[in-house]
Amino acid sequence: MSPDRARAHADDLIAFVAGSPTPYHAVASAAARLEAAGFTRVEERDAWNGTPGGRYLLRGGAIIAWYVPDNAGPATPFRVVGAHTDSPNLRVKPRPDSGGHGWRQVAVEIYGGPLNNSWLDRDLGLAGRLVTRDGAHHLVNVDRPLLRVPQLAIHLDRSVNEGLALDRQRHLQPIWGLGEPREGDLIGFLAGEAGLAAADVVGWDLMTHDVQPPAYLGRDEELLAAARLDNQVSVHAGVTALAAVAASGAELAYIPVLAAFDHEETGSQTDTGADGPLLGTVLDRSVYARGGGFDERARALSATVCLSSDTGHAVHPNYAERHDPGHHPVPNGGPILKVNVNQRYATDGQGRGLFVAACERAGVPWQSFVSNNATACGTTIGPITAARHGITTIDVGIAILSMHSTRELCGAQDPSLLARAITAFLQG
């Protein structure tokens, strides 16, 4: 692979992550890139047509996009790349203005499973969406140092280096100023940032983010450090691949689809999560819009394949014993094929063959990942997608360190390798 090509892709990923501090911003970033590639937005409440071309829809922090080639018929199957837009973080409570002892604080709730200590002593911004009385959603992003979760000095806890214990309620509430808390201060401030009247804001979904920008790391800059690699690296790769397939003008045997869901980190059981009806509804409506019925839908889904793309664990040099001794994925070794016989990942032998063939067509190396038998295995949207829609699903991703930290680490070449593999998969 050309180093320049990999670097250009990584540079573009950096811009995507930097502009996407929340799921709502991530889908807006994805939509802008798809619009530039000729895709048009559709609304769920409108009638759809089945004419060729690229389309996408937005719902909250989720985006579904698909490209109908000229040769598609009612029973043409789909090739789906699935990902998620959310990452663990600290999210603002309904009554955010809190504090005491001369400090003003923001009341937060812990979202997902973050490495709690990674949020200490970092300069944090605040972003998300504000909802006004007319039901409109407004993005807001304070991408500068606004909040901080201060750690207790070692002089007041001499045993801290023998084990840090954080109370999730008491110890992770960020400060944002001095004085007594006043109800309405935070939302009033954010309304001003978004150019809104505070009295018009009646709802919000707000979350913290580390304002340190992504950066290359290492003597040869072969590593990339950034927030939210889990799993914006896959969202970005999916958008890049879908746009490339659509621009190729090639005759396709499948309809390529990108499904980037919200709430994977909390179980996916929401209207914008992978365990909701969103993807199935889009696939069904696509079939019906092209003149198909129940039979064509069943035929299309029987040959549909989903590539569930999420980050996985690179071998950790300081904790190698935590990994399976025969499976040590390394950065810049190419995408990882994730396997778990208890179906925490959905990959089976058939799926393995499909992914390997895609990597070979793309000229991309690949690696295998399996958990140590003594360690509980995580999961993804893969098994949910396979069970909910009855489609063959393969779990893949790139290998990273510091998963669920405020700042994760991957190989600088791997995002491009993943995008190339996904492109070959969508092309069939």
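Residues numbered from 1 in each chain as written. Predicted model: local features only at pLDDT ≥ 70, side-chain atom pairs only at ≥ 80, totals over all residues. Heavy atoms only, no water.

Enquirer: I'd love a proper account of the pairing of strand S14 (residues 305-309), names of residues and values included.
Expert: A regular strand carries its side chains on alternate faces of the sheet. When you tally the buried positions in S14, you get five out of five residues, the bulk of the element. Examined bridge by bridge, strand S4 (residues 78-84) and S14 share four bridges and lie parallel to one another. Counterpart to Val-80 in the pairing with S14 is Cys-306. Bridge count for S14 against strand S18 (residues 392-397) is five bridges, and the pairing is parallel. Looking across to S18, one finds that Ser-309 is bridged to Val-396. (Buried < 20%, exposed > 50% of the residue type's maximum accessible area, 1.4 Å probe, protein only. Helix = DSSP H or I, 4+ residues; strand = E, 2+ residues; numbered from the N terminus. Pairing = 2+ DSSP bridges.)

Enquirer: Quick one: what's the story with the UniProt feature "binding site: Zn(2+)" (unreviewed entry) in the protein chain, residue by residue and with numbers?
Expert: Within this structure's numbering, the places UniProt gives as "binding site: Zn(2+)" (unreviewed entry) are His-84, His-155 and His-404. Their sequence span is 321 residues, while the largest C-alpha to C-alpha distance among them is 41.6 Å; these annotated residues do not converge on one region. Considering the arrangement of structural elements, one finds His-84 in strand S4. With residues near it in sequence (within four places) discarded, His-84 still touches Asp-230, Asn-231, Val-235, Phe-261, Glu-264, Glu-265 and Asp-310. Here His-404 shows up in the loop between strand S19 (399-401) and strand S20 (408-411). Overall, the relative accessible area of 18% leaves His-404 in the buried class. Once residues within four sequence positions are removed from consideration, His-404 is found in contact with Pro-88, Gly-113, Pro-114, Leu-115, Ser-118, Asp-230 and Glu-265. There is a polar contact of 3.2 Å between the side chain of His-404 and the side chain of Asp-230. (UniProt positions renumbered as here; feature names shortened; annotations may be inferred. Contact = heavy atoms within 4.5 Å. Polar contact = N/O pair within 3.5 Å; in protein donor to acceptor, adjacent residues only side chain to side chain.)

Enquirer: Explain the packing of aromatic side chains to me, using residue names and the numbers behind them.
Expert: For the coordinates displayed, the defined rule picks out four aromatic pairs. A ring pair is formed by Tyr-345 and Phe-369, whose centres lie 6.4 Å apart and whose planes are at 65°; its orientation type is edge-to-face. Taken together, the residues Tyr-345 in the loop between strand S16 (336-338) and helix H7 (349-362) and Phe-369 in strand S17 (residues 367-369) connect sequence positions 24 residues apart. Residue Phe-369 is classed as buried on the basis of its relative accessible area of 4%. The positively charged end of Arg-79 is found above the aromatic ring belonging to Tyr-254, 4.2 Å away from the centroid. (Phe/Tyr/Trp six-rings, centres within 6.5 Å; stacked < 30°, edge-to-face > 60°. Lys NZ or Arg CZ within 6 Å of the ring centre and 35° of its normal.)

Enquirer: Explain the packing of helix H4 (residues 229-248) against helix H9 (residues 414-427) residue by residue, including any values.
Expert: Here H4 crosses H9 at 45°, and the two axes come no closer than 8 Å. One way to sum up the angle between H4 and H9 is to call them oblique. Between H4 and H9 lies a crossing whose hand is right-handed. Contact residues: Val-233, Ser-234, Ala-237, Gly-238, Ala-241, Leu-242, Ala-244 and Val-245 in H4; Pro-415, Leu-418, Ala-419, Ile-422, Thr-423, Leu-426 and Gln-427 in H9. (Axes fitted to C-alpha atoms, helices over the stretch in contact; angles between N-to-C directions. Parallel < 35°, antiparallel > 145°, perpendicular 65-115°, else oblique. Left-handed = near helix turned anticlockwise from the far one by under 90°.)

Enquirer: Tell me about the nonpolar core, and name the residues and values.
Expert: With 54 residues, the main nonpolar core has Leu-34, Ile-63, Phe-355, Ile-394 and Ile-422 as its most contacted residues. Of the residues forming this core, the biggest block, nine residues, is contributed by H4. The residues contacting Phe-355, other than those within four sequence positions of it, are Leu-307, Pro-335, Leu-337, Trp-366, Ile-394, Val-396 and Ala-421. The next biggest cluster of nonpolar side chains, apart from the first, holds 24 residues, and it includes Trp-48, Trp-66, Phe-78 and Leu-301. (Core = buried A, V, L, I, M, F, W, Y, C linked by side-chain atoms within 4.5 Å.)

Enquirer: Before we move on, could you go through helix H1 (residues 3-18) and cite the residues and values that matter?
Expert: In this model, H1 (16 residues) spans 22 Å end to end at C-alpha, consistent with the 22 Å of a helix rising 1.5 Å per residue. All of the buried residues along H1 are Ala-6, His-9, Ala-10, Leu-13, Ile-14, Phe-16 and Val-17. Projected down its long axis, H1 shows its buried positions confined to an angular sector of 165°, all on one face. Contact partners of the buried residues in H1: helix H2 (23-36), strand S11 (215-217), strand S12 (223-226), H4 and H9. (Expected span 1.5 Å × (residues − 1). Arc of directions from axis to C-beta.)

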